[in-house]
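These are the residues of each chain, in order.
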Amino acid sequence: MSFVVGVGGSGSGSGGDGGGSHHHDGSETDRKKKRYHRHTAQQIQRLESSFKECPHPDEKQRNQLSRELGLAPRQIKFWFQNRRTQLKAQHERADNSALKAENDKIRCENIAIREALKHAICPNCGGPPVSEDPYFDEQKLRIENAHLREELERMSTIASKYMGRPISQLSTLHPMHISPLDLSMTSLTGCGPFGHGPSLDFDLLPGSSMAVGPNNNLQSQPNLAISDMDKPIMTGIALTAMEELLRLLQTNEPLWTRTDGCRDILNLGSYENVFPRSSNRGKNQNFRVEASRSSGIVFMNAMALVDMFMDCVKWTELFPSIIAASKTLAVISSGMGGTHEGALHLLYEEMEVLSPLVATREFCELRYCQQTEQGSWIVVNVSYDLPQFVSHSQSYRFPSGCLIQDMPNGYSKVTWVEHIETEEKEPVHELYREIIHRGIAFGADRWVTTLQRMCERFASLSVPASSSRDLGGVIPSPEGKRSMMRLAQRMISNYCLSVSRSNNTRSTVVSELNEVGIRVTAHKSPEPNGTVLCAATTFWLPNSPQNVFNFLKDERTRPQWDVLSNGNAVQEVAHISNGSHPGNCISVLRGSNATHSNNMLILQESSTDSSGAFVVYSPVDLAALNIAMSGEDPSYIPLLSSGFTISPDGNGSNSEQGGASTSSGRASASGSLITVGFQIMVSNLPTAKLNMESVETVNNLIGTTVHQIKTALSGPTASTTA
């Protein structure tokens, strides 16, 4: 600075105060007058060089400068203060100029984008883009679709009265897509060995969990309002749960005990010592704790798995045999940086065992995702007490979930912990008592093996036919293969919903478990259009799950149990492998006595892993199947899914005890639990009423099928089916 402020009487020069007091003696204004002193160029140059070396000189440095320059120490002090203020102002002006320029640039870009949006055109329909929230658009379409169906049913009923015969409704009406699961090999493995490859999008079954919710209170609030007071509480619960889960994942003894040579079971005594807060829930004799840990290698990278786990629709499609329903109630945090880092969701979830004998378990829970290190993610689930949530089951989920660690070549290692406390409101059926009480039915191993099998299924989309048997020359293209896999996945989802006791279907219970354990339900189906009757039961066989699976899958032994085949043989005309096990495949079967007038084929998917197996099939019209085989959209093709679920009975570890009898009256040696389910169309009019003859027909169908399977597998030829 060229000017510094001096104080009269203490600065240099003489007569600093005398001149002023001579003219205005006693004046307050004159006493406040200051005298200004202009520094020389040499003084300023020396001060500037000192400022560059040290902007904040101490008292010793200021005294040295005052002696060199002939200035008072206070003048040196004031000069440095003014210089620092001046430099700070210069920097602020420069920053303000840069921010103003950036702000102007962003404003111009915003204006340009707004102008471009005014003239945007949708590439699919050629019209203007949708500006409203897509969720509300979908709800409007659903409401409109329901009104149109009601009007169509009413008009069809009126017309049938006048014409004297039923009026078939639109058989080619496409169901509403809820959300596709679009996965390519590039997104699965991160390396894309087959280029971008085909994508697989699975459609949810109309009338599934996403269409009808857990209860009216929750479903009327798809975006549940969470108060600002509750959000920090939820975040705190999620972070505490993540810390507990990490410790459970990374600690072995004494928290975990190895049983059966391969299963990790939680030591509850050690757990309560390490995490005493769990004891606050009290000791109720009706509550039972199930806690297990398992790990495995899956063919999918960590980011792709995290994306699927944090999306309820993809999550349900990934675990159709475990998840009966899943719905996001609120998003507390959507993550950071375009990823799921720190994402926190409030969910409703219903877990199932594919049997009408086992009640489902319902949870209101928090799901939290966090990246622990490069290539490693943790996804934790923990129950949350929500006042609006009314559960059919008293189940509480302690911190559970998985750690996902990236591995080379697109693989991941998944370590899973499942920790549940449940109250048995009704006794567990004797067939499932062992498998449930030992924590197998809802345990971690079932989650991991199901995930491994489904990831193999996704990966098989981009694998070309490996043999002349694959596709059989009937399915001409990769698009046809993808379309057939979509159709088969919808068939599996349909079957799973029809045999479980989910509270989230549109089905009406026609008859609960009768004297032979058959449960019958009915629902109105859009595809095929009409009233569908579903019947399911579970029975036990002393055969191993693999032997039962081989028997039911083999087309050569099918006439021994398929009542509707009338003893006629079937032939496989197309085959799609979708897993490493030779039994994991999709097949198209044709009766050997089929004629040109009989255009019905059988679409069948079979799959097996260490947790169990299934064989599911549906009759499909030849013309409809040709559409799928050619690669066109198969979402409207009518399906009536029937089939079998096979699981171990949980008595494998007791086989060396001499086959002692259990309370159920069967031997304790290892056997299989088989759930059989059938769907039949009882009327092509949705307004038609059921009669006892239809119920008796489907009961007889299941009873005869069970009898023939037991007879075939207990005879001398049973051992040859393996």
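This structure is a prediction, so every number in the text was calculated from the model and none was measured.

Asks: Go over the environment of Gly 269, please, and point to the residues and values.
Replies: Considering the arrangement of structural elements, one finds Gly 269 in helix H10 (residues 268–274). Judged by relative accessible area, Gly 269 falls into the partly exposed class, the value being 39%. For the pair Gly 269 and Leu 255, spaced 14 residues apart in sequence, the C-alpha separation works out to 8.4 Å.

Asks: Account for the packing of helix H3 (residues 41–53) against helix H4 (residues 59–69), naming residues and giving values.
Replies: Closest axis-to-axis distance for the H3/H4 pair is 11 Å, and the angle between their directions is 160 degrees. Considered as vectors, H3 and H4 are oriented roughly antiparallel to each other. Crossing of H3 against H4: the hand is right-handed. Along its contact with H3, which presents Gln 43, Arg 46, Leu 47 and Ser 50, the element H4 presents Leu 65, Glu 68 and Leu 69. Taken together, the residues that form the contact of H3 with H4 break down as 3 nonpolar, 2 polar and 2 charged.

Asks: Describe the pattern of salt bridges, listing the residues and the values that go with them.
Replies: Using the criterion set out here, one finds 19 salt bridges in the structure. Residue Asp 307 pairs with Lys 314 through a salt bridge whose shortest N-O separation is 2.8 Å. When its relative accessible area of 15% is taken as the criterion, Lys 314 is described as buried. The residue Arg 367 makes a salt bridge to Glu 365 at a minimum N-O spacing of 3.6 Å.

Asks: With reference to specific residues and values, describe the packing of aromatic side chains.
Replies: Going through the model one piece at a time under the given rule, you end up with 17 aromatic pairs. The interplanar angle of 40 degrees and the centroid separation of 6.0 Å between the aromatic rings of Phe 51 and Phe 80 together place this pair among those described as tilted. Separated by 29 residues along the polypeptide, Phe 51 in helix H3 and Phe 80 in helix H5 (residues 73–118) bring together distant segments of the chain. A relative accessible area of 7% means that Phe 51 is categorised as buried. With centroids separated by 5.2 Å and ring planes inclined at 90 degrees, the aromatic side chains of Phe 309 and Trp 315 adopt a geometry described as edge-to-face. Trp 315 matches Phe 309 in its accessibility class, with the two residues each being buried. Joined through ring pairs, the aromatic side chains of Phe 309, Trp 315, Phe 319, Trp 416 and Trp 447 make up one cluster.

Asks: Tell me what's going on with H4, and back it up with residues and numbers.
Replies: In an α-helix there are 3.6 residues to a turn, and that puts residues three or four apart on one side. Residues Arg 62, Leu 65, Ser 66 and Leu 69 constitute the buried set of H4. Buried residues of H4 fall within an arc of 100 degrees about the axis and therefore sit on the same side. Exposed residues on H4 whose side chains face more than 90 degrees from its buried face are Lys 60 and Arg 67. Where H4 terminates, the next one or two residues include Gly 70, which has phi positive at roughly 70 degrees.

Asks: Explain the confidence of the model for the protein to me, using residue names and the numbers behind them.
Replies: Averaged over the protein, the pLDDT score is 77; the fraction of residues at 70 or greater is 73%. Predicted confidence for residues 167–222 stays below pLDDT 50, and this span has 151 contacts to residues more than four positions away or in other chains. Note on residues 466–472: pLDDT is under 50 here. Beyond four places in sequence and across chains, it has 12 contacts.

Asks: I'd like a rundown of the pairing of strand E12 (residues 400–406), residues and numbers included.
Replies: In terms of burial, E12 is largely enclosed, as 5 of its 7 residues are buried. In this sheet, E12 lies alongside strand E10 (residues 376–383) in antiparallel orientation, the contact comprising 6 bridges. Among the inter-strand pairings, Ile 378 is bridged to a residue of E12, identified as Leu 403. Judged from the 6 bridges that link them, E12 and strand E13 (residues 412–423) form a sheet pairing that is antiparallel. Bridging across to E13, Leu 403 finds its partner in Thr 415. Where E12 hands over to E13, the hairpin turn is made up of 5 residues, of which Asn 409 adopts a positive phi near 65 degrees.

Asks: How would you explain the sheet that holds strand E21 (residues 642–648) if you had to name every residue and give the values?
Replies: Sheet architecture is open: 9 strands sit in the order E14-E15-E16-E22-E21-E20-E19-E18-E17, paired in antiparallel fashion. Two strands bound the open sheet, and with one partner strand each, they are strand E14 (508–511) and strand E17 (570–577). Strand-to-strand twist across the sheet, computed as the mean angle between neighbouring axes with direction ignored, equals 20 degrees. Contacts from helix H16 (residues 545–553) reach strand E16 (529–541), strand E18 (585–591), strand E19 (600–609), strand E20 (612–621), E21 and strand E22 (672–683), with the element oriented near 165 degrees to E21.

Asks: Please set out the packing of helix H15 (residues 478–499) against helix H17 (residues 622–629) residue by residue, giving values where relevant.
Replies: Contact geometry of H15 with H17 gives a least axis separation of 7 Å together with a crossing angle of 125 degrees. Between H15 and H17, the crossing angle belongs to the class labelled oblique. Of H17, the residues touching H15 (which contributes Gly 480, Ser 483, Met 484 and Leu 487) are Leu 625, Ala 628 and Met 629. Looking at the contact of H15 with H17 residue by residue, the classes come out as 5 nonpolar, 2 polar and no charged.

What counts, and where the lines are drawn
Residues numbered from 1 in each chain as written. Predicted model: local features only at pLDDT ≥ 70, side-chain atom pairs only at ≥ 80, totals over all residues. Heavy atoms only, no water. Helix = DSSP H or I, 4+ residues; strand = E, 2+ residues; numbered from the N terminus. Buried < 20%, exposed > 50% of the residue type's maximum accessible area, 1.4 Å probe, protein only. Axes fitted to C-alpha atoms, helices over the stretch in contact; angles between N-to-C directions. Parallel < 35°, antiparallel > 145°, perpendicular 65-115°, else oblique. Left-handed = near helix turned anticlockwise from the far one by under 90°. Contact = heavy atoms within 4.5 Å. Nonpolar A, V, L, I, M, F, W, Y, C, P; charged D, E, K, R; others polar. Salt bridge = Lys/Arg side-chain N within 4 Å of Asp/Glu carboxyl O. Phe/Tyr/Trp six-rings, centres within 6.5 Å; stacked < 30°, edge-to-face > 60°. Arc of directions from axis to C-beta. pLDDT = per-residue confidence, 0-100. Pairing = 2+ DSSP bridges.

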